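# Close look at the chain arrangement
Each chain is listed here by its residues.
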Amino acid sequence: MDAHEIELGDLRLLAGSDSPDLAGAVIAFIEQSDPEPEKVPEGAFTVSQLSSTLRSSALEWKPRNQRRKEAHAAWTRFLSQPDLPPPPRFALAALLVEMYHKGSDAGRAALVHIAREATLRFGMWAGLKRIYKLSEERLDAEMFGVLAWRFDKEASSSRSCEVTQATLVYLRRRAWRFLRHLGAQVPELYPQFAVQVLRHYEDGVRPGQAFILSHVLCGDSRKNFTPYRFTGKLPDDLLKHRAFPDAWKRSADPLLFLLETCQADPPARFAIQGLRKDFPEKLRGATPAWLARLSLRPLSGVHEFLVETLQASPDLHQGKLRDLGLHDTVLSLLTSPSAKARAYAIEYARAHAQDLEPGRLADLLLADYKDTKTFAAAALSGRDPRALGVVFLGRLLDYDETAKWADKSLNESFERGELSEGFLIDMLYGGDERHDWADKYLKKKYRPGELGAAFWRKVLDDPRLTENRWEHEHAMELATEALSKYPLAEVGAAWLLSAVVREDIGETVSEWLRKAESLPGLDVERIKGLVFNSRYRALALQLLQNTKLVRPRDLTLPWLLALARRADPTLHEFAHRYLLQHMKAEDFSEAGDKEGGIARLFALATGKNDKEPEPVRVFAQTYLRCHHPGIGAEQPEAKALHLSPQLPRAAYTAERIWPALFDTRADVRRFALSITRADLRRWGYHTRVYDLAESDAKEVRNLAYDATLKAGEPGADLAVTLKPDELDPGRIFAFTESRKRSTREVGMELIRRHYGRLGGAERLAWLMESPDREVRLFSVRILWEKHRPTHLPPGWRPTAHKGKVLDLTPASDGPAGRFADVEALRAFLRRVLFGLPPGRSMEPRDDGGPRRHIPASEAKRNVIEMVRDLGEKDAAFAHLVAPVLSEFTGSLARGEWQACLAALSRLRHAHPGLAVGTGEQG
């Protein structure tokens, strides 16, 4: 019970109604832990402190009066604490005393039970002690007897309890003193009180540990108080030294009562010897009913007395016992602890109980006595096996005395057909002996496979296996081994799926299913259900992907797509593999047509309106890639799953793929790129790659870069690369205006490589207007590289600027056209500087900031700075541009002429021999 489950109020209600549950409730109540107080006041005297004080060794060695005084003071202090009341169990004493005063039969029976069984704890102990004193006052022999016995037992016990040993020793001495006074002063009452104590001693009690028993049997005078009570050995004659012998001779009733109620051999022997010596006439007149009652006492002394009584009286001859109603009484002695009583019972049974029921004989085989078991085995082996029946013979296999005979009888006395399947299954689930017999019998009487899978299924479906798997493991192993030899189709798909989820045989059945090649009637829907149980998922997926067991169409496309939408990677990866391997394009169409299926696949792959989760999109993309006639065979998934492309190239149209290149989702763009690289020229979209250069996705821009940069290169993939004559000058020059730095760089590189083909000098002024410094610098370098005057050495070129190495080697198509002389180049520069329109706006910032226009003066300053920087590094170029800068110092715009003066100053500093203001330098 849980702590504090029973309260004192509950006990009062039970006591008031004389409930038969009262004794058990009181015992449970006293064994409960005391409730913990919310707060223990400082200096409080607790139960544990009280117990320690009463058991103190310092108190033990003090004089009796001093001990009593200090113990009384401790109790007074404990019970009178205003701030810490005693636990509820301390109120139990009053309830027990109240029950005793009430005196009802139910209440007295409860008190006797409590006195015998309850733990001796404070609270209840006070009640028992008061009741004991009242029993002395009222000469209540029954209550006195049980309490005196309990005091004697606990005083000799090594168990610890809250009551001190000294108190218990005192009380058992007091109980004997009370008996002794009765024997001396009221001898008529002495036997009645003595037998009430003796009858409670339990079997196996040793006289040395039973103070009152020893004194009753041995007396109390030093002259005849023999020391055998301390050795634990009783003499044969228990009457020789008994206390107050004359008191015992007054009436036979106390001894007869003791003989019928005692629980140990010494009191029984004492009663028997007393009756024989002092009241032999009572024994001669013993009635059969009284003798039958004696047989119920499980004591060897009582049984021997019973046998001796039967043998001594001619009226109780064995031939008359059945008529006297003592037939069953004698047979009950077959399990007596007395060898003498058993021998008498066996002799009687052989002569007068040959009709003893087989079941009773089988029960005797469980006895602890060899002579009884030998008799029962002999009696059974003399019976007709067919009369006993196969079930009973199977039971006899459990006993060593009858196992061999039962084995022979089952094998020889019955045909195979007479042993039903139910009996054989019961034998398999019996003990080791029955199981071993059944195992041997089945192997001997049946050919392999003759019993059929249904029999072994019944063995495994037996509830005894699920109730106690470990006890019947031998039956489970035998049945699973036998069943594994049958084709799974014979075992049955429905049974196999039911067995998979069982704790006992689930793993074994799972292994069978994994190896299955054919299984008609397999419930696919049930397997689908197992997919969503993590414990059985691996098996379920393995069964579903086994096309020998499950047809792809049985899984259904909606279920597979639903599985592909699952977040669990195991589930959607399975769905992907299965759909790739087993589903054709037409399977994806509700109408079953291929075109409709292809359209749905593209809708899934591109995830229109973001309706499809990424796992579904990835599946569709993989499917379309693997079945592309151009790139399908190269896909890793196609190689792993041995897929052959099944879709026509015409299905991969630009209308389906090209918009996906601009999708915000990376997986959609990657899919579109893989198809675009294969079909770009087939679509005729190769001239639209320039649109991709402005994409926010790097991988998409790279497609445009590769298509243009590799133009004219040997070994370039023509399917995705432009030819040199397909380069669009306007679109390439527009690259230099891109908001993407990488695109601007690609544009400059393309202009450098294909300068002549892309337009030449007429676009240089436009490049010089660029808001990007690198583009402006590139335009000035191109101007000098491609258009330097013809009278300069053909291999001359300016050096790198500020450590940035620029490859200015003339393109393979040769010069784009040179100026006739230096003046022609200067004239071009004048036209650029003086005729420069307002600067083009910068590209939008990544943060979405507004575009802004650059004033013409600022654009001119940018060109001046580029010319200045190149002139600082290259003297020839400095001589070329110095006159033009000098002319520009006459500008009315303050910023422009200041920029030209600053540029000329830096050029003169870089080249001290430079003459400024004339045209002779060239």
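In what follows, the structure referred to is the one given above.
So, here is what we can say about the structure in this document. (Residues numbered from 1 in each chain as written. Predicted model: local features only at pLDDT ≥ 70, side-chain atom pairs only at ≥ 80, totals over all residues. Heavy atoms only, no water.)

## Notes on the nonpolar core
Among the nonpolar cores identified, the biggest contains 252 residues, and Leu92, Tyr190, Leu259, Trp437, Trp456 and Trp495 are the most heavily contacted of them. Per element, the largest residue contribution to this core is nine residues, and it comes from helix α9 (residues 141-155). Apart from the residues lying within four places of it in its own chain, the contact partners of Leu259 are Ala268, Ala271, Ile272, Leu275, Trp290, Leu294, Arg297, Val302 and Phe305. Val863, Ala882, Cys900 and Leu907 belong to the second largest nonpolar core, which has 19 residues in total. (Core = buried A, V, L, I, M, F, W, Y, C linked by side-chain atoms within 4.5 Å. Buried < 20%, exposed > 50% of the residue type's maximum accessible area, 1.4 Å probe, protein only. Helix = DSSP H or I, 4+ residues; strand = E, 2+ residues; numbered from the N terminus. Contact = heavy atoms within 4.5 Å.)

## Overview of the packing of aromatic side chains
For the coordinates displayed, the defined rule picks out 24 aromatic pairs. Where Phe144 meets Phe193, the ring centres are 5.5 Å apart and the plane angle is 65°; that geometry is what we call edge-to-face. With Phe144 in helix α9 and Phe193 in helix α11 (residues 190-198), this residue pair connects regions lying 49 residues apart in the sequence. No difference in accessibility class separates Phe144 from Phe193, as the two residues are buried. Between Trp437 and Tyr441, the aromatic rings sit 4.8 Å apart at their centres with planes inclined by 20°, giving stacked as the arrangement. One end of the pair is Trp437 and the other is Tyr441, both in helix α29 (residues 432-445) and four residues apart, which spans about a single turn. Assessed through its relative accessible area of 1%, Tyr441 is described here as buried. Chaining the aromatic ring pairs together yields one cluster made of Trp125, Tyr132, Phe144, Phe151, Phe178 and Phe193. Lying over the aromatic face of Tyr446, Arg416 brings its terminal NZ or CZ to 4.2 Å of the ring centre. (Phe/Tyr/Trp six-rings, centres within 6.5 Å; stacked < 30°, edge-to-face > 60°. Lys NZ or Arg CZ within 6 Å of the ring centre and 35° of its normal.)

## Regarding the pattern of salt bridges
Per the stated rule, a full pass over the model turns up 53 salt bridges. For the salt bridge of Arg242 with Asp278, the shortest nitrogen-to-oxygen distance reads 2.9 Å. Residue Arg242 is located in the loop between α13 (228-231) and α14 (245-248), and its partner Asp278 is located in helix α16 (residues 265-278); the two are separated by 36 residues in the primary sequence. In this pair, the class of Arg242 matches that of Asp278, namely buried. Notably, a salt bridge pairs Glu421 with Lys458, separated by 3.1 Å at the nearest N-O pair. Note that Glu421 is positioned in helix α28 (residues 421-428) and Lys458 in helix α30 (residues 453-461), a separation of 37 residues in sequence. (Salt bridge = Lys/Arg side-chain N within 4 Å of Asp/Glu carboxyl O.)

## Section: the packing of helix α15 (residues 253-261) against α16
A pair of packed helices is characterised by two quantities: the angle between their axes and the separation of those axes. It is the contact of α15 with α16, at a shortest axis distance of 9 Å, that shows an interaxial angle of 145°. Between α15 and α16 the crossing geometry is left-handed. Contacts from Leu255, Leu256, Leu258 and Leu259 of α15 reach α16 at Pro267, Ala268, Phe270, Ala271, Ile272, Gly274 and Leu275. By residue class, the composition of the contact of α15 with α16 is 10 nonpolar, one polar and no charged. (Axes fitted to C-alpha atoms, helices over the stretch in contact; angles between N-to-C directions. Left-handed = near helix turned anticlockwise from the far one by under 90°. Nonpolar A, V, L, I, M, F, W, Y, C, P; charged D, E, K, R; others polar.)

## Focus: the packing of α9 against α11
Orientation of α9 relative to α11, taken along the N-to-C sense of each, is 45°, at an axis distance of 7 Å. Taken together, α9 and α11 sit at an angle that is classed as oblique. At the point where α9 passes α11, the crossing takes the right-handed sense. The residues of α11 that touch α9, namely those facing Ala141, Glu142, Phe144, Gly145, Val146, Ala148 and Trp149, are Gln192, Phe193, Gln196 and Val197. Residue composition of the contact of α9 with α11, grouped by class: seven nonpolar, three polar and one charged. (Parallel < 35°, antiparallel > 145°, perpendicular 65-115°, else oblique.)

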